[in-house]
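Each chain, letter by letter, is given below.
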Amino acid sequence: MRSTTTSVDPPASAPTAAPTHRDPLLDVVRAGLRVYDLGRQLTVGMPQSPNHPAYWHTLPRRHGDRVREDGGSAANDMLVMGTHVGTHIDALAHVSHNGLLHGGVDAAQAGAGGRYAQLGVHTIAPMVRRGVLLDVPAVLGEPCPPDYEITPDDLDAAERGQGTPVGEGDVVLVRSGWGRHFDHPDRSVYPGADTGVPGVGEAGARWLAERRVHAAGADTIAFEHLSPGRGHAYLPAHRVLLVEAGIYLVETMNLEEVAAHRVREFTFVLAPLPLYGATGSPVRPLALVPGHSAPNGHSVPSAADTPAPDTDGGHHG
């Protein structure tokens, strides 16, 4: 069958087509980007909230289990995990208060049928936004101790000292320094059930809500301050941010490298898995700044970025 498509040359008098405009973002990428991986590696047995199904990974088929006639072989995997383990984002469907989700949505009706169609994680658009790291240990002169509530004064001091004012629509990451315990051999240290965990409380959450940020993240499992022995029984910051303000939460982040290199402002990139009706999703957030990364993807600091002790509350942009 002959094609019905024909090629027609323009008449000699036709104007020359305008050149294709170059995407300026490609120029930035070609000039070099330093990529900071803000996500934790998913491993069996990693510390997590006891309220969610644990991460499990197995290989149903390994190389050699089946070999093709040409000698080829393929392995495959199976994952079992909750959507709130490892580095993850909380959708607005994750928390209700007095029977209501964000926007006054009836929580019971929203979950009818076993999916949260209205505020599930599939409704979170991929994020490419200005990111701000509020490095509270740089203000305090040391990592936050257990059971430390990060106050609006702490957030003000970090914002002011760094010269990184928080704006509407930003993604704000609050570092407590507790992330250094993630790989502790005693897996009970990082969750901090007995010791408590540092983080923002209700007042700090309102500080973020007043600035109308798009999302907030932290280097702890529950984002917010936890008192010793109470676990996740009382989470007022979740209520303020998820239910009242409609602000997403990103938890169990790796903020140590980006803080060590004193990167406090960056392009933040995050894309949840589009899990229809789910209350959360594993994520691998990135912080992008001008520079270069090593072939393995890890950031390569220049001489100007060499980490130095930051215990004097130094003000670094």
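Going by the structure above, here's the rest.
Worth saying up front: this structure is predicted, and the values here are computed from it rather than measured.

Draft legend 1. Fine view of the packing of helix 4 (residues 152-162) against helix 5 (residues 202-210). Contact geometry of helix 4 with helix 5 gives a least axis separation of 8 Å together with a crossing angle of 45°. Accordingly, the angle class assigned to the pair helix 4 and helix 5 is oblique. Residues Pro152, Leu155, Asp156 and Glu159 of helix 4 form the contact with helix 5, whose participating residues are Ala203, Gly204 and Trp207. Looking at the contact of helix 4 with helix 5 residue by residue, the class counts come to four nonpolar, one polar and two charged.

Draft legend 2. How the structure looks around the nonpolar core. Among the nonpolar cores identified, the biggest contains 58 residues, and Leu38, Ile89, Met127, Leu173, Phe223 and Phe268 are the most heavily contacted of them. With five residues, the single largest contributor to this core is helix 6 (residues 236-245). Setting aside anything within four residues of it in sequence, one finds Phe223 in contact with Gly199, Val200, Leu208, Ala216, Gly217, Ala218, Ala237, His238, Leu241, Leu249 and Glu251. The next biggest cluster of nonpolar side chains, apart from the first, holds ten residues, and it includes Phe182, Val197, Ala222 and Leu226.

Draft legend 3. Main features of the sheet that holds strand 1 (residues 33-37). Reading across the sheet, the nine strands line up as 1-13-11-5-7-9-10-4-12 and stay open at both edges, with mixed pairing between neighbours. On the outer flanks of this sheet lie strand 1 and strand 12 (280-282), each paired with one strand and no other. Between one strand and the next, the sheet's axes are offset by a mean angle of 30°, whatever the strand orientation. Relative to strand 7 (residues 171-175), strand 5 (residues 127-135) runs parallel, the two sharing five bridges. Among the inter-strand pairings, Leu133 is bridged to a residue of strand 7, identified as Leu173.

Draft legend 4. Region of the structure containing the pattern of salt bridges. Summed over all chains, the structure comprises 15 salt bridges. Salt-bridge contacts for Arg175 lead to Glu256; the nearest nitrogen and oxygen are separated by 3.0 Å. Within this pair, whereas Arg175 is found in strand 7, its partner Glu256 is found in helix 7 (residues 256-260), the two being separated by 81 residues in sequence. A salt bridge links Glu244 to Arg239; its shortest N-O distance comes to 2.9 Å. What emerges from the salt-bridge pattern is a single network uniting Asp135, Arg175, Glu256 and Arg264.

Draft legend 5. Examining the packing of helix 5 against helix 6 more closely. As a packed pair, helix 5 and helix 6 sit with axes 7 Å apart at the nearest point and diverge in direction by 25°. As the angle between them shows, helix 5 and helix 6 are arranged roughly parallel. Of the two possible hands of crossing, helix 5 and helix 6 adopt the one that is right-handed. Listed contacts from helix 6 to Glu202, Ala205, Arg206, Leu208 and Ala209 of helix 5 are Pro236, Ala237, Arg239, Val240, Leu241, Glu244 and Ala245. Residues that form the contact of helix 5 with helix 6 fall into these classes: eight nonpolar, no polar and four charged.

Draft legend 6. Summary view of the environment of Tyr55. Position of Tyr55 among the secondary structure elements: in the loop between strand 1 and strand 2 (56-61). Taking the C-alpha atoms as reference points, Tyr55 and Gly45, separated by ten residues in sequence, lie 7.4 Å from one another. Apart from the residues within four sequence positions on either side, Tyr55 is in contact with Leu42, Thr43, Val44, Met46, Gln48, Leu79, Val80, Met81 and Val85.

Draft legend 7. Molecular detail of helix 1 (residues 24-31). When you tally the buried positions in helix 1, you get zero out of eight residues, a small fraction of the element. At the exit of helix 1 stands Gly32, carrying a positive phi of roughly 115°.

Draft legend 8. View of unusual backbone geometry. Residue Phe223 is not a glycine yet carries a positive backbone phi of 70°. Positionally, Phe223 belongs in the loop between strand 9 (215-218) and helix 6. Here Phe223 falls in the buried class, since its relative accessible area comes to 2%. If you check the backbone angles, Arg262 has positive phi at about 55° while not being a glycine. Note on placement: Arg262 falls in the loop between helix 7 and strand 11 (265-270). Residue class for Arg262 comes out partly exposed when judged on its relative accessible area of 21%.

Definitions and cut-offs
Residues numbered from 1 in each chain as written. Predicted model: local features only at pLDDT ≥ 70, side-chain atom pairs only at ≥ 80, totals over all residues. Heavy atoms only, no water. Axes fitted to C-alpha atoms, helices over the stretch in contact; angles between N-to-C directions. Helix = DSSP H or I, 4+ residues; strand = E, 2+ residues; numbered from the N terminus. Parallel < 35°, antiparallel > 145°, perpendicular 65-115°, else oblique. Contact = heavy atoms within 4.5 Å. Nonpolar A, V, L, I, M, F, W, Y, C, P; charged D, E, K, R; others polar. Core = buried A, V, L, I, M, F, W, Y, C linked by side-chain atoms within 4.5 Å. Buried < 20%, exposed > 50% of the residue type's maximum accessible area, 1.4 Å probe, protein only. Pairing = 2+ DSSP bridges. Salt bridge = Lys/Arg side-chain N within 4 Å of Asp/Glu carboxyl O. Left-handed = near helix turned anticlockwise from the far one by under 90°.

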